[in-house]
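# Structure assessment
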Amino acid sequence: MDLNLTAEEAAFRDEVRAFIARELSPETRAKMILGREIGKKDIVDWQRKLNARGWAVPNWPVEYGGQGWSPMQEYLFQTEIEQAPAPASLPFNTSMVGPVIATFGSAEQKAKFLPATANLDIWWCQGFSEPGAGSDLAGLKTTARREGDVYVVNGQKTWTTMAQYADWIFMLVRTNPQAEKKQQGISFLLIDMKTPGITVRPIQLLDGGHEVNEVFFDEVKVPVENLVGEENRGWDYAKFLLGNERMGIARVGVSRQRLRRVRELAALERVGDETLLDQPWFREKLANTEIELKALEITQLRVVAEARKRGKHGQPDPNSSILKIRGSEIQQATTELMMDVVGPFVAPFPASIDDEDQTNDPPIGPDYAAAAGPTYFNWRKISIYGGSNEIQRNIIAKAILGF
Amino acid sequence: MDFDLNDDQRLIKESLGKLLSSRYGDFAKRDSYIKQQDGFDRAVWADYAEAGILALPLPEAHGGFGGGPVETMIVLEEIGAALAIEPYLTAIVLCCGLIVRGGSDAVKADILPKIASGAAIAALAQVERGSRFDLHDVSLAARKDGDHYVLEGEKSVVIGGGVADHFIVTARTSGQRRDLSGITLFLVDAKTPGVSRRAYPTQDGYQAAEISFGQVRVPAAQIIGTLDQGLPLLRRSVDEAIAGLCAEAVGAMAALTEMTIDYLKTRKQFGVAIGSFQALQHRAVDMQVQLEQARSMAIFATLSVDEEDAATRSTAVSAAKVQIGRAARFIGQTATQLHGGIGVTQEYKGGHYFKRLTMIDQMFGDSEHHLRLVAAAGGLLPAA
């Protein structure tokens, strides 16, 4: 029993760290530290730098650009990215549709999409949730009816993250409304966002930002060759994809970077003749979250160690639901601490934080204050998306506790 | 990075697990052990001796097996799961640790074989009426008199103090009550004139004692560690004991969580197993989440015990104690609630896990105490 990295692992971590320090644009990094919304360009530029190094899609099968890393290497890579902080790679490309196409797609689909997906020449968005299908995803109603060599798609998707940037959307659609079980009549379709009949409408979140959308489909014609795998087998592919989604959900590096930042800023904030960091209540609150995070980090490492034993194609570990629950709660705790730090300067509401011209500029109060309120409100989403924390509890109840 | 036990360690776990299930598998036996004069059954202690568990953490030079923190973790986790009541943690992990690190060669040669064979038991006399959880808050005075010291004062809640053949006593040899220096540890034979004790049962089935030291003469050769500089040694061994205590708590929490889940699956109301209700399932899940987080921190504490930098070591151990204390309280309370009425009866085992877990939070400093220590040390995150 041992918590240390091997010499090879430490060397790998150092190599990743050095790469990020060398290649990450200082402007992107500064935006991330200040909590400003990063734009499409920041994400694309960074993804292409990673791709040039061969690190854009390390988790994919090796023949399509994967690195064949151990679970520990994947963990170290992700953690270094998170705590730099550097932009996370676009999950819709790298951990969702990419692996699905690589595993279940046709040869033509692989050739057409995989290199472009890795290099972010195609920006994907995810068409899963619907107004009536959230946690109960299999209840989705968007239909695709076969007419000759096209599917005709009608319906509505929602919570579609960054659809405004997207070139393509991967969709779950109902192809057999008569199927005995609702999971059985679903197919996985790839649709060009420029196809006539698609309308994207923004949804503004509590922070004023525009990151999610409603997407409407009105008689949208999709060539049948854009079906992934077999018709009516889409639910299996979706489960495969959602298993990947839970891998990095703890986001230990993100919380670590944010807690360091909280400590740094609390030492600047004055309380009487002292600083906020001098206040015992604040130090204890911060220490408490650091302890929770340390426990999460080790729990994550235990899951990583198990993954090594399960092998690459093993079942997803239900313990990753614990990572989701605690990881989301701790990330949210960091946003509360950041509100504590800025105090009264949490109040100013920037009209739109993703439009830099409209950010309160020059800043009201310290420059680090602007993101505290928006992030607090926005990050309530973390315990809701990716399978709400209540759904995660259902998973643990069934898969671990045997209820 | 490796969370697996090696073959030897697995063997220790299995053989101790067997020993404990033969001694504690019938829960009614535990009560009969508690009612014995010594507060536990000497035959179980003899089993430990025979199985090499008492000698496990002692150096090979003194007849031990040279076990480290991971071996201690394994033993304590099994003890926690079995709800065993022998004073292993205080007598073996804590006191032997102090003697091994601070005893003279003569003392080690004299005492350690007796402890390893089960012939002698030691206890740490440290808590005082006004000290709460501060190890450096020491009033009991030791005055030099020739080649002896004369101890005068009182110690409280000495776990295993009723049966101890030897006490390790924290005493003030110079300075003021709360000074960090001026603390000296003495190994005191319990039969020394002037030592008197009053033993009593504790909430969780152990035995403790109030010890009075009235003009007790102790040879200077019985000092453990260095005169006036006993505190760092004490902290080192208490940290090791806390790590063991965390492992014990994990063993108890895992057993109690499993018991609770079994109960939810078998207890029927409204014509169904109550575990079919989502409200109860989610509470059980929250217990499981707390358990896994606690287990992670117990591992962290165990693997930090041998850390060379004392401040890093103590902060890591305190952080673990915070997590364990909170998890213990949450799991104990939730398990009791989910069991309903049976959970608050003396006859049911679950309530005794709850009691032990509650006392574990109090031992060597509760969650709030250790949170203050972590906060004062500047937290857990090294600067980037």
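Residues numbered from 1 in each chain as written. Chains lettered and ligands numbered in written order. Predicted model: local features only at pLDDT ≥ 70, side-chain atom pairs only at ≥ 80, totals over all residues. Heavy atoms only, no water.

Quick look at the overall build of chain B now. Counting its secondary structure elements, chain B contains 11 helices and 10 strands. In terms of overall dimensions, chain B has a C-alpha envelope of 80 × 55 × 40 Å along the principal axes. Taking all 384 residues of chain B together, the buried fraction comes to 59%. Long-range contacts, defined as pairs at least 24 residues apart, comprise 73% of the intrachain contacts of chain B with a sequence gap of at least 6. Summed over its atoms, the accessible surface of chain B is roughly 15,100 Å², and 52% of this surface lies on carbon and sulfur atoms. Treating the 38 positive side-chain charges of chain B as one cloud and the 46 negative ones as another, the clouds have centres 6 Å apart. (Helix = DSSP H or I, 4+ residues; strand = E, 2+ residues; numbered from the N terminus. Buried < 20%, exposed > 50% of the residue type's maximum accessible area, 1.4 Å probe, protein only. Contact = heavy atoms within 4.5 Å. Areas by Shrake-Rupley, 256 points an atom, 1.4 Å probe, with all protein chains shown as cover. Lys, Arg positive; Asp, Glu negative; His and termini not counted. Charge placed at Lys NZ, Arg CZ, Asp CG, Glu CD.)

Facing 40 residues of chain A, the contacting portion of chain B comprises 43 residues. Counting across the chain A and chain B interface gives 3 salt bridges. Counting across the interface, chain A meets chain B through 17 residue pairs in polar contact (both at pLDDT 80 or more). Of all the elements in the fold, those that place two or more residues in the side of chain A that touches chain B are α8 (252–266), α9 (280–310), α10 (320–342) and α12 (389–399) of chain A. Among the elements that make up the side of chain A that touches chain B, the one with the highest residue count is α9 of chain A (17 residues). Here the residues of the side of chain A that touches chain B sort into 19 nonpolar, 5 polar and 16 charged. (Salt bridge = Lys/Arg side-chain N within 4 Å of Asp/Glu carboxyl O. Polar contact = N/O pair within 3.5 Å; in protein donor to acceptor, adjacent residues only side chain to side chain. Nonpolar A, V, L, I, M, F, W, Y, C, P; charged D, E, K, R; others polar.)

Quick look at the packing of aromatic side chains now. Residues and elements named next belong to chain A. Under the counting rule described, the total for this entry stands at 25 aromatic pairs over all chains. Plain terms: the ring middles of F12 and W69 are 4.9 Å apart, the flat faces sit at 75° to each other, and that makes the pair edge-to-face. Highlighted residues: F12 in helix α1 (residues 7–23) and W69 in the loop between α3 (40–53) and α4 (71–83), separated in sequence by 57 residues. Like W69, F12 is buried. Taken together, the ring pairs in this structure connect F12, F19, W46, W55, W69 and F77 into an aromatic cluster. Over the aromatic face of W379 sits the side chain of R251, whose NZ or CZ is 5.6 Å from the ring centroid. In this arrangement the basic side chain of R258 is found over the ring face of W379, its NZ or CZ atom lying 4.6 Å from the centre. (Phe/Tyr/Trp six-rings, centres within 6.5 Å; stacked < 30°, edge-to-face > 60°. Lys NZ or Arg CZ within 6 Å of the ring centre and 35° of its normal.)

With that out of the way, let us pick up the domain arrangement of chain A. Its domain assignment divides chain A into domain 1 (7–89), domain 2 (124–232) and domain 3 (246–399). Taking only C-alpha atoms, the centre of domain 1 of chain A and the centre of domain 2 of chain A are 30 Å apart. (Domains from an automatic or database assignment.)

Residue and element names in this part refer to chain B. The domain architecture assigned to chain B consists of domain 1 (7–120), domain 2 (123–228) and domain 3 (231–376). Placing the centre of domain 1 and that of domain 2 at their C-alpha centroids yields a distance of 23 Å. Contacts between the two partners involve 23 residues from domain 1 and, on the opposite side, 19 residues from domain 2. Interface area for domain 1 against domain 2, summed over the two sides, is near 1,500 Å², with a carbon-plus-sulfur share of 68%. For domain 1, the biggest contributors to the area lost against domain 2 are C95, L98 and V107; these three give 24% of the whole. On inspection of domain 1 and its partner domain 2, the count reaches 0 salt bridges. Where domain 1 packs against domain 2, one counts 4 residue pairs in polar contact (both at pLDDT 80 or more). When contributions to the side of domain 1 that touches domain 2 are tallied by element, the ones reaching two or more residues are α2 (27–34), α5 (88–102) and α6 (105–116). (Buried area = accessible area lost by both parts, 1.4 Å probe.)

Our next topic: the pairing of strand β1 (residues 124–127) of chain A. Residues and elements named next belong to chain A. The side-chain alternation of β1 yields two buried faces, one formed by W124 and Q126 and the other by C125 and G127. Sheet topology places β1 next to strand β4 (residues 168–174); 4 bridges connect them, and they run parallel. The residue of β4 that forms the bridge with C125 is I169. (Pairing = 2+ DSSP bridges.)

This brings us to the pattern of salt bridges. Under the counting rule described, the total for this entry stands at 50 salt bridges over all chains. Across the pair E211 of chain A and K381 of chain A runs a salt bridge whose closest N-O atoms are separated by 2.7 Å. Pair noted here: E211 of chain A is in strand β7 (residues 210–223) and K381 of chain A is in the loop between α11 (372–378) and α12, with a separation of 170 residues, a long-range link. A residue is classified by how much of its surface remains accessible, and E211 of chain A, at 12% relative accessible area, is buried. Relative accessible area serves as the criterion here: at 23%, K381 of chain A is assigned to the partly exposed category. Across the pair D189 of chain B and K191 of chain B runs a salt bridge, and its minimum N-O distance is 3.7 Å. What makes D189 of chain B partly exposed here is its relative accessible area of 30%. On the accessibility criterion, K191 of chain B (70% relative accessible area) is exposed.

So, about the environment of L89 of chain B. Residues and elements named next belong to chain B. Structurally, L89 can be placed in helix α5. A sequence separation of 156 residues divides L89 from L245, and the C-alpha atoms of the two residues are 7.3 Å apart. For L89, the residues in contact, after removing those within four places along its chain, are L76, L94, A241, G244, L245, M363 and F364.

The next thing to look at is the pairing of strand β2 (residues 141–145) of chain B. All names here are of chain B. The pairing of β2 with strand β3 (residues 148–159) spans 5 bridges and is antiparallel. The partner of A141 across the bridge, within β3, is E152. Taking the residues that link successive antiparallel strands as the turn, the β2-β3 hairpin has 2 residues, and the phi of G146 there is positive, at about 65°.

Time to look at helix α11 (residues 367–376) of chain B. Since there are 3.6 residues in each turn of an α-helix, residues three or four apart along the chain are aligned in direction. Among the residues of α11 of chain B, those classed as buried are S367, H369, H370, L371, V374 and A375 of chain B. Buried-residue contacts for α11 of chain B involve α9 of chain A together with α7 (230–266), α9 (310–339) and α10 (349–362) of chain B. Following α11 of chain B by one or two positions, G378 of chain B has its phi on the positive side, about 90°.

A few words now on unusual backbone geometry. Residue and element names in this part refer to chain A. Looking along the chain, the bond that leaves A84 and enters P85 is cis, with omega of -10°. Within the secondary structure, P85 is located in the loop between α4 and α5 (91–104). Backbone geometry places W159, a non-glycine residue, at a positive phi of 55°. Following the sequence through the fold, W159 ends up in the loop between β3 (150–157) and β4. If you check the backbone angles, R251 has positive phi at about 50° while not being a glycine. Examined against the element boundaries, R251 turns out to sit in the loop between α7 (234–245) and α8. A relative accessible area of 24% places R251 in the partly exposed class.

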